[in-house]
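Here's the letter readout for the chains.
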Amino acid sequence: MSNPLGDPESDVVLQRSPAVRHGRQRRSRLRILPAIGGVLAMVLVLTGGYAAWSYTQLDDSVTKVHLALPHPTASAGADVDGAAENILLVGDDHRPADATPEELAELGTQLDGGATNTDTMIVLHIPAGGGSATMISFPRDSWVPIPGHGTFKLNSAFSDGAANGGGDAGGMRLLIQTIENISGLSIDHFVRVSLLGFYQIVKALGPIQVCLNKAVDDPNSNTDLPAGNSTLNASQALSFVRQRDGLPRGDLDREVRQQYFLSQEAKEALSAGTLLNPVKVSNLLHGVGDAVQIDDGLSIPSLVNTFRSIDLSDIRSTTIPTTGTPMIDGYSTVAVDFAALPAFIQGIVGPPAAYTSATAAAPSSVHVDVENGGSLPRGATEASTALTAAGFQVGPPADTTTTTQTVVEYPKGSEAQAKAVADVVPGAVAVPSTTVSGVTLVLGTDGHTVTTGQTAPASGPTTGATTAPSAPTASPSQTPVGKAYGDQGTCVN
């Protein structure tokens, strides 16, 4: 029996399978709308500030998983965003055990257990004190270290943790630890949703308007939409958020579709007052409760208060930095730009207080190493020469892995020295690191480097070097990262 939505990779397995589908197995024709659940998870969280009265009902219907959070990280060091709140939104194609044949038939699937690969992973970052919240997408094919399981695709972490009796708690624990280790963020709560829940919530909320830059006709996802505005029903929404074939960046553009859809749903709820209708909200929450899992420490009233402090129409959307989509051991993967990732996260959460309060050290007291991760030959050598002329103590230049972002890495306690280097490299971002023993300038493909020939900064004489402003001290809400897809007239691929 084929999936009526038309995806050749979504054919149905008719028999019940007692075994866990391990995330490291190639899934070929077994992928059944895997990205849908994460989209629903976000929509559920977004409804918080407008349906507070109904959360007692939601608490009674959702499945709660015992998991102590925040989960301590082994390698990321201190929590980089302090009192801010991070909610991990997870989507996969597991089927609730009590789903009816009629419900499953609407999705073109059967009660075969589904897969435990978590193919949608979004961290909703909510700044302490309110402001602009940010959705941070982690591509499912990201090639990352998974604690205790080597390096593999990020979407296999849940399966690895759930195997051998780990269950849902073990799977979520390992997924959270993996994301915390690579991002430095501390996950406070999680929401996990099945594909069935997505379909139910879109039906409950009603038609949604989207806008495309170009017309699309993709038989694999059954997406056939014109350029410009379209109003989608639940079935069309499924197709819209799952299409990847024919998009310029494949799965990465599908993530943009998901972020865009979530923003449009939030805008629809705000403008139409959908979630102010108690009958509709009650039906919505009861309809999806059995398809939703949350951690047992999730406080619904506190979430309501949190969402009262942010602008739901201005949620930002972004994706962790990547450098390409290489094939590794026969698998299509996404290469994470680990060198640029700390600066990316810092752009969202803001620089550490210890850095912003530091005064740049005198160059003569600073030892700095230079590594070339950019595309310019001899980049490290030329930057080292310029830094030496500016009075810095400079180690031998070296090459390193290609990265998109020029950064000044520094160990804890070297904030003043790092700020002195960042002052003379316009565009560089100073980031704390546990992997360096001294201040290290890593040049990226963005082309930022030491520029000579201008006046030195007052905080530390640097004869012969251009000055650049110190790292900004503005709060993240004043300089938001990412795109606000809720903006009027915004269209996507």
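Above this note sits the structure.
Residues numbered from 1 in each chain as written. Predicted model: local features only at pLDDT ≥ 70, side-chain atom pairs only at ≥ 80, totals over all residues. Heavy atoms only, no water.

Participant: Mind showing me how you'd approach the overall build of the chain here?
Facilitator: A count of helices and strands for the chain gives 14 helices and 23 strands. Within the chain, the fraction of its 493 residues that count as buried is 56%. When the accessible surface of the chain is split by element, carbon and sulfur atoms take 52% of a total near 19100 Å². (Helix = DSSP H or I, 4+ residues; strand = E, 2+ residues; numbered from the N terminus. Buried < 20%, exposed > 50% of the residue type's maximum accessible area, 1.4 Å probe, protein only. Areas by Shrake-Rupley, 256 points an atom, 1.4 Å probe, with all protein chains shown as cover.)

Participant: Help me understand the state of the cysteines, please; the structure alone is not making it clear to me.
Facilitator: By definition, a disulfide links two cysteine residues through a covalent bond between their sulfur atoms. A complete count under the given rule lists 1 disulfide for this structure. Cysteine 211 shares a disulfide with cysteine 491; S-S distance 1.9 Å. Measuring handedness by torsion sign, the sulfur bridge of cysteine 211 and cysteine 491 sits at about 60° and is right-handed. One end of the pair, cysteine 211, is in strand β8 (residues 208-212); the other, cysteine 491, is in the segment after β23 (439-443), and 280 residues separate them in sequence. (Disulfide = S-S within 2.5 Å.)

Participant: Would you explain the nonpolar core in this entry?
Facilitator: One recurring pattern in soluble globular proteins is that nonpolar side chains are buried together. One finds Leu88, Val123, Ile136, Phe138, Met172, Leu175 and Ile179 to be the most contacted residues of the largest nonpolar core, which totals 34 residues. Elements with a minimum of two residues in this core: β2 (85-91), β3 (120-126), β5 (143-145), α4 (157-162), α5 (167-183) and α11 (341-349). The dominant element in this core, judged by the number of residues it contributes, is α5, at 7 residues. Sequence-distant contacts of leucine 88, defined by excluding residues within four places in its chain, comprise Ile122, Val123, Met172, Leu175, Ile176, Ile179, Ile187, His189, Phe190 and Val191. Tyr355, Ala360, Ala386 and Leu443 belong to the second largest nonpolar core, which has 26 residues in total. (Core = buried A, V, L, I, M, F, W, Y, C linked by side-chain atoms within 4.5 Å. Contact = heavy atoms within 4.5 Å.)

Participant: Quick question: what am I supposed to make of the pattern of salt bridges here?
Facilitator: Close approach of charged atoms allows side chains of opposite charge to pair. A full pass over the atoms with the stated rule returns 4 salt bridges. For the salt bridge of arginine 192 with aspartate 168, the shortest nitrogen-to-oxygen distance reads 3.3 Å. With arginine 192 in strand β7 (residues 189-193) and aspartate 168 in helix α5, this residue pair connects regions lying 24 residues apart in the sequence. The partly exposed category is assigned to aspartate 168, whose relative accessible area is 32%. Taking the shortest distance from any N to any O, the salt bridge between arginine 249 and aspartate 253 comes out at 3.2 Å. Via salt bridges that share partners, Arg140, Asp141 and Lys153 belong to a single interconnected network. (Salt bridge = Lys/Arg side-chain N within 4 Å of Asp/Glu carboxyl O.)

Participant: Would you mind going over the environment of valine 436 with me for this structure?
Facilitator: Structurally, valine 436 can be placed in the loop between β22 (429-432) and β23. As a C-alpha pair, valine 436 and glutamate 409 span 27 residues in sequence and 7.1 Å in three-dimensional space. Among residues more than four places away in sequence, those in contact with valine 436 are Glu409, Tyr410 and Pro411.

Participant: Please clarify how unusual backbone geometry should be interpreted in this entry.
Facilitator: If a residue is not glycine, its phi is most likely negative; likewise, a peptide bond is most likely trans. Here the phi dihedral of asparagine 164 falls at roughly 55°; this positive angle occurs in a residue that is not glycine. Inspection of the secondary structure puts asparagine 164 in the loop between α4 and α5. With a relative accessible area of 83%, asparagine 164 lands in the exposed category. Unusually for a residue other than glycine, arginine 378 sits at a positive phi of about 65°.

Participant: Is there a simple way to explain the sheet that holds β7 in this structure?
Facilitator: Note on sheets: strands pair through backbone hydrogen bonds, and any given pair is parallel or antiparallel. Spatially, β1-β12-β7-β2-β3-β4-β13 is the arrangement adopted by the 7 strands of the open sheet, whose pairing is mixed. Pairing within the sheet leaves two strands with one partner each, and these edge strands are β1 (63-65) and β13 (316-319). In this sheet, adjacent strand axes meet at a mean angle of 20° when their direction is disregarded. Two elements, β1 and strand β12 (residues 292-295), share 3 bridges in a ladder whose sense is parallel. Bridging from a neighbouring strand, threonine 63 pairs with glutamine 293 of β12. (Pairing = 2+ DSSP bridges. Axes fitted to C-alpha atoms, helices over the stretch in contact; angles between N-to-C directions.)

Participant: Please clarify how the side chain of asparagine 372 should be interpreted in this entry.
Facilitator: Within the fold, asparagine 372 resides in strand β18 (residues 367-372). Using a relative accessible area of 9% as the deciding quantity, one classes asparagine 372 as buried. A distance of 3.0 Å separates a polar atom in the side chain of asparagine 372 from the backbone nitrogen of glycine 374. Once you skip the residues sitting within four places of it in the chain, asparagine 372 turns out to touch Arg378, Gly379, Ala380, Ala398, Asp399, Thr400 and Leu443. (Polar contact = N/O pair within 3.5 Å; in protein donor to acceptor, adjacent residues only side chain to side chain.)

Participant: Looking at this structure, I do not really get α11. What am I missing?
Facilitator: Owing to its 3.6 residues per turn, the α-helix aligns residues three or four sequence positions apart on the same side. Burial analysis of α11 places 7 of its 9 residues in the buried class, which makes it a mostly covered element. Every buried residue of α11 is listed here: Leu341, Ala343, Phe344, Ile345, Gln346, Ile348 and Val349. At the exit of α11 stands glycine 350, carrying a positive phi of roughly 95°.

Participant: What exactly am I supposed to notice about the packing of aromatic side chains here?
Facilitator: The way to describe two aromatic rings as a pair is by their centre distance and the angle between their planes. Applying the stated criterion across every chain, the model contains 4 aromatic pairs. Summarising the aromatic geometry, the rings of phenylalanine 152 and tyrosine 331 are spaced 5.0 Å apart at their centres and angled 75° between planes, so their arrangement reads as edge-to-face. Here the residue phenylalanine 152 occupies a position in strand β6 (residues 151-153), and tyrosine 331 occupies one in strand β16 (residues 331-332), the gap between them amounting to 179 residues. When the ring of phenylalanine 240 is compared with that of tyrosine 260, the centres are 6.2 Å apart and the planes differ by 50°; the resulting orientation is tilted. With phenylalanine 240 in helix α7 (residues 234-242) and tyrosine 260 in helix α8 (residues 251-272), this pair connects stretches of sequence that are 20 residues apart. (Phe/Tyr/Trp six-rings, centres within 6.5 Å; stacked < 30°, edge-to-face > 60°.)

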